Every structure is written in C-alpha cells, then in structure tokens.
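Each chain is listed here by its residues.
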Amino acid sequence: MYKERVKNYEINQRRDYLSMPKRLLFIFCGALLVAIALQLFLMKNNVIDGGIVGISIILSHRTSIEVGFFLLLLNTPFFCLGYSYLGKRFILLSLFAILILSFCTHLLEPFSSLTQNPLIVIFFGGGLLGLGVGTVIRFGGSLDGTEVLAILLSGRSSFTIGQIVMFFNFFIFSSAIFIFGLKEAVFSLATFFVAYKTIDFSIK
C-alpha cells in the first residue's frame, strides 16, 4: 500500500495540467477534513491516528497544549529533511497542508465532539480522516512526516516503507493503551484501519 502511495507522490508531481491554485484548493479542503475528523470526532473521544498525528494527539493530551502546535513542530523537520529527495513541489505542498491543518485544528479546538458513539467515531471520523489525507496525497502533498522518514530510511535499509511506518505506529498505539486505556487503543486501531482503507480508495 505504501509503495503505491509513493508512486502517487511521483505521479502527482508530473500532473502539470493541474494548476497550482487548484492543487492548493484541494489540499486546503483535504487538510480541513482531517482537522474536522480530529477535533469533532477523534481527539475528544481519546481516539488517535498513527504517525505524527498520533504522537501530536498524545503530547497534546499530556501537556494541554493545542494539537496544532505539535503537528507543525514535529512534521516540519521531516519535510525539510526530505527536501532534496522528494522534490520542491512535494515539500512545499506538504508544508502548506500542515500549516492549514494546524490552523484549522486551532480554530476547531473550542468545539466539543459531535458524538460519543464509538461506531460513528470509528466509521465516520475514520472515513473523514482518510478522505482528507487521501485528497492531500492525490494532489501532491502529505500530512505525515513519518512517511517521509520511512521513504528516506527504506532506501538505506532492507526494510520497506510499510514496515518502517508500521514499526512507528506499533509504538504509538501501544503507548495509547497506557495513556488512554485498552478500549480507546482498540478504537484507535479500528479508526486507523478505516482511514487507510479510505485513503486507498480516494487516491485510485
């Protein structure tokens, strides 16, 4: 799955028929959907995503600092690291997406969760999350620095991009058990599965 996503990154860089303003508009919409999923469905129900988003949610929970701050702080170094390898357009679009995500999560912070029903949180929240991430990827960007790091590390090791990302996520979801509880960690895994299935569908 992750190999296919990397191919999409490369293909999207060659879609010159799509103007930059249109790319930015779609990426803005994708990042907004992710912010809605995080603030109005997942975070306030102690449900996390994988990657930098999951780490940011955990740190926000532990420090009471807004999640948008950690999203920007933790993601930016990874994209700067991958600048020469992944291309200028990809990095700039990704940084734009992260800025929009951080800003929108800040705006939505005061709002309470729309539901506490776990099935709605998992399927609707996970679906919105996956659709948003998939839209950002489809139009040439990314929202998670761990994927950039995985791309870079895979070229220097025998591990695949998917194996490296899942290695990171294993520790993130394991941490969720101790921080939020076993039930919330299971809900997080289910949401993660729904989100990534939606991503695969949305970038085809």
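Procedures and definitions
- Residues numbered from 1 in each chain as written.
- Predicted model: local features only at pLDDT ≥ 70, side-chain atom pairs only at ≥ 80, totals over all residues.
- Heavy atoms only, no water.
- pLDDT = per-residue confidence, 0-100.
- Helix = DSSP H or I, 4+ residues; strand = E, 2+ residues; numbered from the N terminus.
- Contact = heavy atoms within 4.5 Å.
- Phe/Tyr/Trp six-rings, centres within 6.5 Å; stacked < 30°, edge-to-face > 60°.
- Polar contact = N/O pair within 3.5 Å; in protein donor to acceptor, adjacent residues only side chain to side chain.
- Core = buried A, V, L, I, M, F, W, Y, C linked by side-chain atoms within 4.5 Å.
- Buried < 20%, exposed > 50% of the residue type's maximum accessible area, 1.4 Å probe, protein only.

### Observations concerning the confidence of the model for the protein
Of all residues in the protein, 90% attain a pLDDT of 70 or more, and the chain-wide mean is 86. When mean pLDDT is taken per element in the protein, helix H2 (residues 20-42) scores highest with 95 and helix H1 (residues 2-13) scores lowest with 48. Within the model, the stretch residues 1-7 combines pLDDT values under 50 with 18 contacts to residues more than four positions away or in other chains.

### Quick notes on the packing of aromatic side chains
By the definition in use, this model includes 9 aromatic pairs. Judged by centre distance (4.2 Å) and plane angle (5°), the ring pair of phenylalanine 26 and phenylalanine 139 falls under stacked. With phenylalanine 26 in helix H2 and phenylalanine 139 in the loop between helix H7 (118-138) and helix H8 (145-154), this residue pair connects regions lying 113 residues apart in the sequence. Note on phenylalanine 192 and tyrosine 196: the rings are 4.5 Å apart at their centroids and 45° apart in plane angle, and the pair reads as tilted. Residue phenylalanine 192 and its partner tyrosine 196 are located together in helix H10 (residues 182-202), separated by 4 residues, close to a single helical turn. In textbook terms, an aromatic cluster arises when at least three aromatic residues are bridged by ring pairs, as seen for Phe167, Phe168, Phe170 and Phe171.

### What about the side chain of glutamine 39?
Position of glutamine 39 relative to the elements: it lies in helix H2. Only 2.7 Å separates the side chain of glutamine 39 from the backbone oxygen of threonine 105, close enough to count as a polar contact. In this structure glutamine 39 touches Lys44, Val67, Thr105, Leu108, Glu109 and Phe111, once residues within four positions along its chain are discounted.

### Points about the environment of serine 60
Within the secondary structure, serine 60 is located in helix H3 (residues 51-63). The spatial distance from the C-alpha of serine 60 to the C-alpha of phenylalanine 70 is 7.4 Å, given a sequence separation of 10 residues. With near-sequence residues (within four places) excluded, serine 60 lies in contact with Met43, Ile65, Glu66, Val67 and Phe70.

### Details of the nonpolar core
Counting 50 residues, the largest nonpolar core has Leu38, Ile48, Ile57, Leu101, Leu129 and Leu143 as its most contacted members. Looking at this core, the elements with two or more residues in it are H2, H3, helix H4 (67-81), helix H6 (88-108), H7, H8, helix H9 (161-179) and H10. If we ignore the near neighbours within four places in the chain, the residues touching leucine 129 are Val34, Ala37, Leu38, Leu42, Asp49 and Ala195.

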